[in-house]
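Spelled out from the first residue to the last, the chains are:
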Amino acid sequence: MGKVNENQSIGIVGGGQLALMMLPAARNLGYRIVVLDPDQHCASAGEADELIIGDFSSSDALKELGARSDYVTFEIERVSVENLKMLECQGKIVRPSSSVLSKIQDKLVQKEELEKLGLPVGEFMDLKNREDLAERIPCVWKARTSGYDGNGVIVLRSIEDMDAVPSRPGYTETLVDLDYELAILVARGAGGAVVVYPVSEIIMDSTRNILDTVFAPASAPLEMQKRCQEIAVKIAESFDYVGIMAIEFFVCKSGLLRVNEVSPRPHNSGHYTIEASATSQFEQHIRAVTGQKLGPSDLKSSAATLNLLGSDCSSGEPVFKGVEKYSINERIYIHNYRKPIVRPGRKMGHVTILGDDREYILEKAKEIKSEIKVEGTNG
């Protein structure tokens, strides 16, 4: 698709694996990348053109990022909305905007915003104290901010489960009689053009409350998929969104569809697009942020992506075991996030399997999950 402007830079708040996967897409389009992260050993540290060491809430760090960048985006929601607004007031192009993040960063506010749009979100309530929480069980407790990779989500089925709830702002959602989960990516350009990706299916790790495997395209009824696409477009347009957005859905056993969460950035559920789509979610995000024409979202192949998590009791430098068997298969792609330290349950990489047969792909994903392990030198 050709390079655009090798003199322009994109600043990314956050240097984790999402930033790492944005880098090839940005470079292919001719952009330099400046990353802001508090960790000098973050996943993208060795690949970015420049690395600014600083906290996501630091106004000085954000000013420095803005000074070195033509466009600013983020791969993590823990950035300060006020500091992004500061950059916008200075004339910097921030996409998605501070206004968008202010509606999504706090998950309670996010639910309220979605409800205002008339979208199906299920029952939710603010939480003032633990006494209120006890009266709502069974329910799901969610942290209002800074939740990630299963942290900040606790299913409460009995009073005893309350011991796991931390002392931080949260809210509750009514337990869903869940049948299955879906996800979708939607991209909106600076000029208002919208591109929707195929609906995918999510299989969750129920013990860690983290995505385990995603499969595209979904086998859900076409009317259900069409409704997901309509909701995605409505959110993107109503928020005046620019960039790639991921939306996760619950499908109840009754057949009702519920919006679970919205993520204003590339997302774990869209990693399959790197190999399986005409335009990856990372390239699409870069195109939207820099004001370019969006690419096609056609699916070139059915695909499944599974997370590679740190094994139980793992610590120290990561050791990937069992990858040799699959590294020679031209339809299996192993991604290493280059994180220097492994911890139990930490996302260390992912594997994408391409194919034409759904059952074969999902069985292969189970096989790979059982054979590839990420352990540590201290484990």
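Residues numbered from 1 in each chain as written. Predicted model: local features only at pLDDT ≥ 70, side-chain atom pairs only at ≥ 80, totals over all residues. Heavy atoms only, no water.

J.: Would you explain helix α1 (residues 17–28) in this entry?
T.: Think of an α-helix as 3.6 residues a turn; residues three or four steps apart then line up on the same face. Counting buried positions over the 12 residues of α1 gives 9, a clear majority of the element. Positive backbone phi, approximately 95°, marks Gly-30, located one or two places after α1. (Buried < 20%, exposed > 50% of the residue type's maximum accessible area, 1.4 Å probe, protein only. Helix = DSSP H or I, 4+ residues; strand = E, 2+ residues; numbered from the N terminus.)

J.: In this structure, what is going on with the pairing of strand β9 (residues 170–173)? I would like to understand it.
T.: Both faces of β9 are covered, namely the face carrying Gly-170 and Thr-172 and the face carrying Tyr-171 and Glu-173. Where strand β6 (residues 124–126) meets β9, 3 bridges bridge the pair, whose relative direction is antiparallel. Residue pairing for β9: Met-125 is matched across the bridge by Thr-172. (Pairing = 2+ DSSP bridges.)

J.: I'm lost on the sheet that holds strand β1 (residues 9–13) in this one. Help?
T.: Through backbone hydrogen bonds, the strands of a sheet pair up, either in parallel or in antiparallel fashion. In spatial order, the strands read β3-β2-β1-β4-β5; together these 5 strands make up an open sheet with parallel pairing. Only two strands of the sheet have a single partner each, and these edge strands are β3 (50–53) and β5 (93–94). Sheet topology note: the β1/strand β4 (residues 71–74) ladder contains 4 bridges and is parallel. Opposite Gly-11, over in β4, you have Val-72 as the bridge partner. Sheet strands touched by helix α2 (residues 59–67): β1, β2 (32–37), β3 and β4. Its angle to β2, the strand with the most contacts, is close to 180°. (Contact = heavy atoms within 4.5 Å. Axes fitted to C-alpha atoms, helices over the stretch in contact; angles between N-to-C directions.)

J.: Please explain the pattern of salt bridges as it appears in this structure.
T.: A side chain with one charge may pair with a side chain of the opposite charge, provided their charged atoms come close. Inspection of the entire model under this criterion finds 27 salt bridges. The closest approach of N and O atoms between Lys-142 and Glu-173, which form a salt bridge, is 3.4 Å. Of the two residues, Lys-142 sits in strand β7 (residues 139–143) while Glu-173 sits in strand β9, which places them 31 residues apart along the sequence. A residue is classified by how much of its surface remains accessible, and Lys-142, at 4% relative accessible area, is buried. Close ionic contact of Glu-363 with Lys-366 constitutes a salt bridge, the shortest N to O distance being 3.9 Å. Placement of both Glu-363 and Lys-366 in helix α11 (residues 358–371) is noted, with a separation of 3 residues, approximately one turn of the helix. Residue Glu-363 is classed as partly exposed on the basis of its relative accessible area, which comes to 46%. Linked by salt bridges that have partners in common, Lys-107, Lys-111, Lys-142, Glu-173 and Glu-261 make up one network. (Salt bridge = Lys/Arg side-chain N within 4 Å of Asp/Glu carboxyl O.)

J.: What should I look at first to understand the packing of α2 against helix α3 (residues 81–89) in this one?
T.: When two helices pack together, their arrangement is given by the angle between the helix axes and the distance between those axes. It is at 10 Å that the axes of α2 and α3 come closest, and there the two elements cross at 40°. Considering only the axes of α2 and α3, their crossing is right-handed. Across the interface between the two elements, Ser-59, Leu-62, Lys-63 and Gly-66 from α2 touch Asn-83, Leu-84, Met-86 and Leu-87 from α3. In the contact of α2 with α3, the residues fall into 4 nonpolar, 3 polar and 1 charged. (Left-handed = near helix turned anticlockwise from the far one by under 90°. Nonpolar A, V, L, I, M, F, W, Y, C, P; charged D, E, K, R; others polar.)

J.: How do you make sense of unusual backbone geometry when you look at a structure like this?
T.: Among all residues except glycine, the phi angle is most often negative; among peptide bonds, the trans geometry is most common. Following Ile-137, the chain continues to Pro-138 via a peptide bond in cis, the omega torsion being 5°. Inspection of the secondary structure puts Pro-138 in the loop between α6 (130–136) and β7. With omega at 5°, the peptide bond leading from Ala-216 into Pro-217 counts as cis. Topologically, Pro-217 is positioned in the loop between β13 (210–216) and α7 (222–238). If you check the backbone angles, Asp-240 has positive phi at about 50° while not being a glycine. In this structure, Asp-240 sits in the loop between α7 and β14 (243–252). Here the phi dihedral of Arg-338 falls at roughly 60°; this positive angle occurs in a residue that is not glycine. In this fold, Arg-338 is placed in the loop between β18 (332–336) and β19 (347–355). Arg-338 sits in the partly exposed class, given a relative accessible area of 48%.

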